[in-house]
Amino acid sequence: MNFAYTPAQLALAEELAVLLGRFEAPPKLRALADAGIAAFDAELWQALAEQQWLGHSMGPDQHHRDLGTEEQTLVAYEAGRALASVPLLATLLAGQALNTAGSAAYQDELAVGALRVALCLPPPGAETPAVAVSGDKASGRLSPVADGLVADAVLCADAKGDAWLVDLRRPTARRRQLATLDLAHTAAELDIDSALAHPLGPADGLRARAAILTAFEQLGGAQRCLDLAVAYAKERYAFGQPIGAFQAVKHKLAALHVEIELARANAYYGASALTDADPTSLSLAAALARASATDTYLTAAQECLHIHGGVGFTWACEAHLHLRRARALEAALGSAAVWREGLVDSPVLLASL
Amino acid sequence: MDFRDSPEEAAFRDQARAWLTANATPRDPAQVEPGVFEHWPSAEQMQAARAWQRRKFDAGWAGVFWPPEYGGRGGTIMQQIIWNQEERRVVTPPAVLLMGQGHVGYTLLSHGTPEQKQRWLPPTLRGEYAWCQLFSEPGAGSDFAALACAATREGDAWRIRGEKIWISDGAYADFGFLVTRTDPDGPKHKGLTCFVVDMRAPGVSVLDVRHPNGGSHFSHVRFEDLRVADADRVGAVNDGWRVALTTLMYERFFVGAWGSSGAFGGPQLRHLLELAAKCERNGRSALQDGAVRQRLAAFAVRAKALTHMSYRVLTTVSQGGIPGPEGSIVKMEFARMSQEMANFGLELMGPEAMLAGTDAPWDGVFQAALLENPCMRIAGGTDEIQRTIIGERLLGLPQEQPPPKGLPFRDMPRGGGWRSPLGDDAPRRSGAF
C-alpha cells in the first residue's frame, strides 16, 4: 500500500510552488482584465521553460526534467493553486500524447516553450467542438478555446473521435478574442483552414488523461480557496472572537476540508489508473476524479467567497477569480453530471462493489 | 501511487488467506451485513465466537500485532489490518469479542503494567474474556471528559458510584474498561482515572437500552458501591484522559482503515442498482431515468472516494505511522452516505417502502437500515464533534469562547475585515465582467 507521493515528488511540487508564487497571479489578472488584454503570463511561461517544467518524461535529456505522470499531477495541482495564467496542462498533455503516438514531432519546441498548446476536446458523449481532417490538414471552427489567442497549436478531436494536434502558426487560423468569464485563461474563437494536423490516436483516452490532470488543477484551486477562507476566519473578529471559532463557520470549513480530501482520494485513484499498465479502470477512474473535483472546486470557490462576507464580494478578493476558474474548468470538459452519466452502466464499477 | 500490497504484504495476505480458506467457508461479498441491533447473541453464538477465537489462537492468528509474550503474533499493525480484511471474506460467528482485541486490548498494551497485561491479555486472545468499554454517561457523550461516575479511594481499593450508557457488548461482557472521576476539584481533563472492572461483581447492574428498531445492542450499566482493587487501576491516578485517548485513537484508526475491505457502501450500492432495475419511473425502468441515474452515480463517486480515502489512511499505517483525525473522515462520511442510500432505496420502492421484515423487498434491509443508520452518525463522535475536531486540530481554527459580556468596548478583541488591498479598489475598470 503506497497511496501517496514520495518525499522527492513533494519537494518537486514545493519548488514549483515557490516559482509560481513569485509570479503572483491575482493582481496581474485583475489588471489585465481591466485593460481588456488576453490573460497570459509570458514571463512565467519563460521561467517555466528555462527551469524545464514543460517537457515530460522522455528519458534522460538536458531539455527535460523527469516529469512522469505523478509529477505532472503535482504540476497541475500547483498550477491550479496559483491560478497560473499559462497553458501548462495542455502543453504537457500534447507532449505526452505525441510521445505515446510514437511521434518525435514538436518535442524540442514543447520543451523550450516555443509551442504553446490549447485544449479543446468535446465532453464525453458530445461530438463538438470538432475539426474535419483530410490527410494531414484540419479545418473547422473551434469555439470557445481557452488560451486560444496565445496558443501555437490546439489539441482537439474530429467527429469520428480521433484526437489531433493542429498547428496554428501558419496563417491558416483566424482568431477572435472572446469576452471570458475566467480571468486567468482568455477564450478565443478559432477559424482553422487546412492547418497541419498530427494524429494523436483515440480522443477518449486523451480526454480521460486531461480530466484526471484537470482534477488535480481543480483540487489545487479548491485547496487555495480553503486556505484563504481558513486564514480569514482566524483573523476576522466578530462578537469578540475570530469568526472561525463559531461552529457555524468552523463546521462549514471542516466540511469543505472533507470534500477536498475525498476528491483528492479519487484524484489519486485517477493518477494510479494513468500509471497502471492495465487500462481497464482508466475511464472509471477519470469519471470519479472528474466528478469529485469539479463539484468540489465549485463548492470551495463559493464557500470561500461567502466566508469572506462583504470582503468576499469585492473585485479585490481572490475568491471570484476561483469562482470564475471553477466554472470555466467545468465547462471545458463537461460538468460532473456529464461524467457521472455512464457510471451506473460501468462493468468495472460493478465488479469493484 | 499504488494501492496494491507490497510484496511482503502480499505474502502475509496469502498465508492468512490459506489458513482461513482451510478453516472457514467463504462469505458472499454481495450480501449486506445483518444489523447488529436486532438481538443479543445466543448462548450458542457466544460459544461459537469463543471457539473460533480459540482456534485462531492455537494456530497463531490471534492478536496479529500483539507481542508474543501476551500470546500475540508479534506482527505489524498493517498485518493486523490485512488479517481483518481477510477474515471478513469468510463466514465467522458474531464479532462479540472484538472490543477486547481491538480498542481495549490496545489500550492495555499501551498503558497496563506487565502484571496487568499478563493477567488480562492472554485469556482475552484465547477467547475467554469478552470486554466492554465504559465511557459514555447519560450526561457525558460528546463532551465525554465531563463524565461524573465517581471513584473514591478507600485504602488499597476504590469505591465506584455512577452510571454508564450506550455500552456495546455490555450484556455479555466479562470485564469492562471504565473511566471515572477521581478528582472533582481539579480541571475537567485532569481528574479522570481508568480501571478494569469485573462486570459480574456485586454492585454492577446491566440493563438493556431499546433502540428505535425495538432491539437492544447497548446497555445501561449502574455501579452502586462497586469495590475495585487499586491493582486494577490502569495508568496513574488522574491521568485517565490520556489513557482513554489511546482507546479513542484506535477506534478511529480501525474504522478509517476498515473500508479497504471494499465495504464502503459497495453491497448497499449493488442493492440500490438491483432495486432501481426493478422499480418504475415515468413508465420505464428507474435505472433508465436520468435523475435516478445521477443519484446512483453520485453514491458511486462517494463510495469509491471513501474506499480511496481509506487507502490513504492505510498508507500512513503501511509506512509505520498512526493516522490523525483524518481517519474520522471515513467514519463520518460513510455514516452520512449510508443514511442517504437507505432513504433513496425506500423512495425508489414506492408503496412497498411501508413494509418491513420479510414482507418487504430484500427482506427489509432498507427499512432496517433506516432505523439503524442514525446510530453511526452519533457513535464514536457525532458529525458535529468530528467537524469540530477537524476544524481545530487540522485547520487550526480557535476554540469557541463564551461571549465577553460587559467588557468595555475598547478591550473587546477585534480584527480583520475590509482593508484596501493592493490599491485595487481605486481605478475604474472597463471591459471585464
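Parameters and conventions
Residues numbered from 1 in each chain as written. Chains lettered and ligands numbered in written order. Predicted model: local features only at pLDDT ≥ 70, side-chain atom pairs only at ≥ 80, totals over all residues. Heavy atoms only, no water. Helix = DSSP H or I, 4+ residues; strand = E, 2+ residues; numbered from the N terminus. Rg over C-alpha atoms; globule rule 2.2 N^0.38 Å. Contact = heavy atoms within 4.5 Å. Lys, Arg positive; Asp, Glu negative; His and termini not counted. Charge placed at Lys NZ, Arg CZ, Asp CG, Glu CD. Salt bridge = Lys/Arg side-chain N within 4 Å of Asp/Glu carboxyl O. Polar contact = N/O pair within 3.5 Å; in protein donor to acceptor, adjacent residues only side chain to side chain. Nonpolar A, V, L, I, M, F, W, Y, C, P; charged D, E, K, R; others polar. Buried < 20%, exposed > 50% of the residue type's maximum accessible area, 1.4 Å probe, protein only. Phe/Tyr/Trp six-rings, centres within 6.5 Å; stacked < 30°, edge-to-face > 60°. Lys NZ or Arg CZ within 6 Å of the ring centre and 35° of its normal. Core = buried A, V, L, I, M, F, W, Y, C linked by side-chain atoms within 4.5 Å. pLDDT = per-residue confidence, 0-100.

(A) Molecular detail of the overall build of chain A. For chain A, the helix and strand inventory stands at 13 helices and nine strands. For 353 residues, the compact-globule estimate of 2.2 N^0.38 gives 20 Å, and the C-alpha radius of gyration of chain A, at 20 Å, lies within 12% of that figure. With respect to the principal axes defined by its C-alpha atoms, chain A has extents near 70 × 55 × 40 Å. Within chain A, residue pairs in contact and separated by at least 24 positions form 74% of the contacts whose partners lie at least 6 positions apart. Considering chain A, the positive charge centre built from 27 side chains and the negative charge centre built from 39 side chains are found 6 Å apart.

(B) Just the interface of chain B and chain A, in detail. Contacts between the two partners involve 65 residues from chain B, matched on the other side by 68 residues from chain A. Counting every contact that joins chain B to chain A gives six salt bridges. The partner of R302(B) in a salt bridge is E259(A), with the nearest N and O atoms 2.8 Å apart. Summed over the shared surface of chain B and chain A, the number is 27 residue pairs in polar contact (both at pLDDT 80 or more). Mapped onto the side of chain B that touches chain A, the elements with two or more residues apiece are helix 7 (266–278), helix 8 (290–318), helix 9 (327–349) and helix 11 (383–394) of chain B. Residue contributions to the side of chain B that touches chain A peak at 18 residues, all from helix 8 of chain B. Taken together, the residues of the side of chain B that touches chain A break down into 30 nonpolar, 17 polar and 18 charged.

(C) Looking closely at the side chain of K250(A). Take K250(A): it is sitting in helix 8 (residues 247–275). Taking relative accessible area as the criterion, K250(A) reaches 1% and is therefore assigned buried. Side-chain polar atoms of K250(A) contact the backbone oxygen of P398(B), separated by 2.9 Å. Every residue in contact with K250(A), bar those within four places of it in the chain, is listed here: G244(A), A245(A), T388(B), G391(B), E392(B), L397(B), P398(B), Q399(B) and E400(B).

(D) Up close: the packing of aromatic side chains. Tallying each qualifying case throughout the model produces 24 aromatic pairs over all chains. Centre to centre, the rings of F3(A) and Y311(B) are 5.4 Å apart; their planes meet at 90°, and the pair counts as edge-to-face. Within this pair, whereas F3(A) is found in the segment before helix 1 (7–22), its partner Y311(B) is found in helix 8, the two belonging to separate chains. You'll find F3(A) and Y311(B) in the same group, each marked buried. Where W61(B) meets W83(B), the ring centres are 4.7 Å apart and the plane angle is 15°; that geometry is what we call stacked. Of this pair, W61(B) sits in the loop between helix 2 (43–58) and helix 3 (77–87) while W83(B) sits in helix 3; the two residues are 22 residues apart in sequence, bridging distant segments of the chain. Here the two residues W61(B) and W83(B) agree in accessibility, since each one is buried. Of the aromatic side chains, those joined through ring pairs into one cluster are F3(A), Y5(A), F216(A), Y268(A), Y269(A), F3(B) and Y311(B). The aromatic ring of Y268(A) is capped on one face by R312(B), whose charged end is 5.2 Å from the ring centroid.

(E) View of the nonpolar core. All names here are of chain A. Counting 174 residues, the largest nonpolar core has L165 and L253 as its most contacted members. For this core, the element with the highest residue contribution is helix 7 (residues 203–235), accounting for 18 residues. Other than its neighbours up to four places away in sequence, L165 contacts A94, L98, Y106, L115, V117, A153, V154, L155, L196, A197, H198 and L200. By size, the runner-up hydrophobic cluster in this structure holds 21 residues, among which are L12, L19, F23 and A84.

(F) Here's a closer look at the confidence of the model for chain B. Of all residues in chain B, 92% attain a pLDDT of 70 or more, and the chain-wide mean is 89. In the predicted assembly, ipTM is 0.95 and pTM is 0.94.

(G) Region of interest: the side chain of R340(A). Positionally, R340(A) belongs in helix 12 (residues 336–340). Classification of R340(A) as buried rests on a relative accessible area of 15%. In this structure, R340(A) is in contact with A291(A), D295(A), Q294(B), A297(B), A298(B) and V301(B), ignoring residues within four places of it in sequence.

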